[in-house]
Amino acid sequence: MARRCPVSGKGVLVGMNVSHAHNRTKRRFLPNLQPTSLLSESLGGSVRLRLTTNAVRTIEKRGGLDAYLLSTANAKLPADLVKIKRQVAKAVEAKAA
């Protein structure tokens, strides 16, 4: 499983540990990925995703998973989230009709 957030795009960064004697060794900075289940009101259930905490805060700020997906362009979303977005749009359309 890739260590990349599908929403924010954050991934692994590479840097150096620097000791007091200035010895440098390579290290990895891992993103803070958390398995989360976000409630989708239009789908009537939860969607499990592996997101960074920053992405979870962004989604909550924008009004939840449904509002975030519908307001974001398809070009900025990965394929699995575009699939969920289509399901949400279809469910919203069915409720409106």
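Right, let's walk through the structure included here. (Residues numbered from 1 in each chain as written. Predicted model: local features only at pLDDT ≥ 70, side-chain atom pairs only at ≥ 80, totals over all residues. Heavy atoms only, no water.)

As a further point, take the overall build of the protein. Check the secondary structure of the protein and you find 3 helices and 4 strands. Mapped from its N terminus to its C terminus, the protein presents α and β elements in the order β-β-β-β-α-α-α. Against the 2.2 N^0.38 benchmark of 13 Å for 97 residues, the protein shows a C-alpha radius of gyration of 18 Å, more extended than a compact globule. With respect to the three principal axes, the spread of C-alpha positions in the protein is 70 × 20 × 20 Å. For the protein, the residues scored as buried account for 31% of the 97 residues in total. A total accessible area of about 6900 Å² is found for the protein, and carbon and sulfur atoms account for 52% of it. The protein carries 18 positive and 5 negative side-chain charges, and their two centres are separated by 16 Å. (Helix = DSSP H or I, 4+ residues; strand = E, 2+ residues; numbered from the N terminus. Rg over C-alpha atoms; globule rule 2.2 N^0.38 Å. Buried < 20%, exposed > 50% of the residue type's maximum accessible area, 1.4 Å probe, protein only. Areas by Shrake-Rupley, 256 points an atom, 1.4 Å probe, with all protein chains shown as cover. Lys, Arg positive; Asp, Glu negative; His and termini not counted. Charge placed at Lys NZ, Arg CZ, Asp CG, Glu CD.)

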